[in-house]
Amino acid sequence: FTLLLVMGLLPFLLGSQSALANGRALRIPFYSTMYLWIIGVLVFKKISFEKRMWAGLLWFYAMGLFSLFADGSAGSSRIYLFCFLTFGAVFFGVRGGGIALFTALVTLSLAGVVHFQWTPWLGAGIVSPMAYTVDVGTFFSLGAAVTFSLTLFIKALEASGREQAALEKKLVQAEKLKNLGILAGSVAHDLNNILSGIATYPEVLLMDEGLTTQIRQGLTIIKDSGRKASSVVSDLLTI
C-alpha cells in the first residue's frame, strides 16, 4: 500500500486531468477518495492490522467495481478484482481468498445479467451471454488456481518456519548442555587433582609402623573417602 501511495500519485493526477478534459469531473472526487483511502490504511495504525487489511482489500474491490461500471469490460476492472482475491489469499488465507473469489465471481455475474437483460454497457466485445460466461469462467479458474496456490505456499512457509523454530530451540538447548559439560569437565579435572593427594598420601603415612591404632584407623578412613570421591569425579567425567 506504500507502493500504491507512491506509484499511484501520477495515475491519480493524470486520471483527474483526463476526467476534467473529457467532461467527467464527477470522477475526480472518487479518485480523491480512493487515494485518501490508501493513506488511511497506512496512517491509522491504532486500528487493528486485520481491519486495515480488510479495508485495503475493499479498496481493490471498490476500484474494480467502479472501473467495471464506468468503463465496461475494456477497463482495468479485472486487474483490480484479481488483486482483490490475490491479496485476500495472502493476508487471510483460504477464508479471505475464498470470500474475495466468490465476491468477484458474483460481481461479474451480476454485471453480465445487467448487460444482457437491461442495458448493454460492458463493451462491444461482449457479444453473447455464452462468450461472457466463458470469459468469467476463465477469470474464475485462473483466480481460483492462484488463490489456492498462494494459500498452500504460505501455509508451507509457516510450517517450515515452525520446524525451523523448533530446531533452533533444540540447538540452543544443545549449546547449553555442551557448555555445561565443558564446565563440569573442568571442575572435575580440578577436583581430581585435589583428591589425588587426599587418596594417596595416607598410604605413605600408613607405612610408618609406629602409628597408633587410632591414628591408623583415621588415615584409613581418609584414604577410603578420597578414593570414593575420586570415583564420583570419574563418573562425572564419564557423563
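The coordinates are above.
Scope of this entry: the structure provided in the associated data block. (Residues numbered from 1 in each chain as written. Predicted model: local features only at pLDDT ≥ 70, side-chain atom pairs only at ≥ 80, totals over all residues. Heavy atoms only, no water.)

1. Quick look at the nonpolar core
At step 1: Counting residues in each nonpolar core, the largest one holds 27 residues, and the members touching the most others are Leu108, Leu122 and Tyr132.
At step 2: Contributions of two or more residues to this core are made by α3 (27-43), α4 (49-71), α5 (77-117) and α6 (129-206).
At step 3: Sequence-distant contacts of Leu122, that is, excluding residues within four places in its chain, are made with Leu68, Gly72, Ser73, Ala74, Ala111, Gly112, His115 and Tyr132. (Core = buried A, V, L, I, M, F, W, Y, C linked by side-chain atoms within 4.5 Å. Buried < 20%, exposed > 50% of the residue type's maximum accessible area, 1.4 Å probe, protein only. Helix = DSSP H or I, 4+ residues; strand = E, 2+ residues; numbered from the N terminus. Contact = heavy atoms within 4.5 Å.)

2. Observations concerning helix α2 (residues 9-21)
At step 1: Spanning 13 residues, α2 covers 18 Å between terminal C-alpha atoms, matching the ideal 18 Å at 1.5 Å per step.
At step 2: Phi turns positive one or two residues past the end of α2, at Gly23, with a value near 75°. (Expected span 1.5 Å × (residues − 1).)

3. Things to note about the side chain of Thr151
At step 1: Locating Thr151 in the fold gives a position in helix α6.
At step 2: Judged by its relative accessible area of 3%, Thr151 falls in the buried class.
At step 3: Once residues lying within four places of it in the same chain are set aside, the contact partners of Thr151 are Ala89, Gly93 and Val94.

4. Overview of the layout of surface pockets
At step 1: Its boundaries defined by the atoms lining it, the largest pocket holds a volume of some 560 Å³.
At step 2: Lining the largest pocket are 23 residues, with Pro11, Phe12, Tyr31, Met63 and Tyr80 positioned closest to its centre.
At step 3: Taken together, the elements giving at least two residues each to the lining of the largest pocket come down to α1 (2-7), α2, α3 and α4.
At step 4: A class-by-class count of the residues in the lining of the largest pocket yields 14 nonpolar, 6 polar and 3 charged. (1 Å grid on protein atoms, 1.4 Å probe; cavity = no way out; pocket = protein on both sides within 12 Å on 5 of 7 lines; lining within 4 Å. Points joined across faces, edges and corners; volume = space filled by probe spheres on them. Nonpolar A, V, L, I, M, F, W, Y, C, P; charged D, E, K, R; others polar.)

5. Concerning the environment of Ile126
At step 1: For Ile126, the location among the structural elements is in the loop between α5 and α6.
At step 2: Those residues in contact with Ile126 that lie beyond four places of it in its chain are Ser73, His115, Phe116 and Tyr132.

6. Describing the packing of α5 against α6
At step 1: Look at α5 against α6: their axes get within 10 Å of each other, and the N-to-C directions meet at 175°. As judged from the angle between their axes, α5 and α6 are roughly antiparallel.
At step 2: A breakdown of the residues in the contact of α5 with α6 according to their chemical character gives 23 nonpolar, 7 polar and 3 charged. (Axes fitted to C-alpha atoms, helices over the stretch in contact; angles between N-to-C directions. Parallel < 35°, antiparallel > 145°, perpendicular 65-115°, else oblique.)

7. Thoughts on α4
At step 1: With 23 residues, α4 extends 33 Å from end C-alpha to end C-alpha; this agrees with the ideal 33 Å at 1.5 Å per step.
At step 2: If you follow the buried residues of α4, they end up packed against α1, α3 and α5.
At step 3: Looking at the residues trailing α4, positive phi occurs at Gly72, about 75°.

8. Focus: the packing of α3 against α4
At step 1: Where α3 meets α4, the closest approach of the two axes is 9 Å, and the angle between their N-to-C directions is 165°. One way to sum up the angle between α3 and α4 is to call them roughly antiparallel. Handedness of the α3/α4 crossing: left-handed. Facing Arg27, Phe30, Tyr31, Met34, Trp37, Ile38, Val41 and Leu42 of α3, the residues of α4 in contact are Arg52, Met53, Ala55, Gly56, Leu58, Trp59, Ala62, Met63, Phe66, Ala70 and Asp71.
At step 2: For the contact of α3 with α4, the class distribution of residues is 15 nonpolar, 1 polar and 3 charged. (Left-handed = near helix turned anticlockwise from the far one by under 90°.)

9. Details of the pattern of salt bridges
At step 1: Applying the stated criterion across every chain yields a total of 4 salt bridges.
At step 2: Among the salt bridges present, the one from Asp71 reaches Arg27, with a minimum N-O distance of 3.1 Å. Pair noted here: Asp71 is in helix α4 and Arg27 is in helix α3, with a separation of 44 residues, a long-range link.
At step 3: For Arg27, a relative accessible area of 14% gives the class buried.
At step 4: Put simply, Asp135 and Arg78 hold a salt bridge, and the shortest N to O gap is 2.9 Å. Of this pair, Asp135 sits in helix α6 while Arg78 sits in helix α5; the two residues are 57 residues apart in sequence, bridging distant segments of the chain.
At step 5: A relative accessible area of 16% places Arg78 in the buried class. (Salt bridge = Lys/Arg side-chain N within 4 Å of Asp/Glu carboxyl O.)

10. Observations regarding the packing of aromatic side chains
At step 1: A complete count under the given rule lists 15 aromatic pairs for this structure.
At step 2: Each ring, one from Phe1 and one from Phe60, has its centre 6.1 Å from the other, and the planes form 45°; the classification is tilted. Of the two residues, Phe1 sits in the segment before α1 while Phe60 sits in helix α4, which places them 59 residues apart along the sequence.
At step 3: Given the relative accessible area of 5%, Phe60 is considered buried. (Phe/Tyr/Trp six-rings, centres within 6.5 Å; stacked < 30°, edge-to-face > 60°.)

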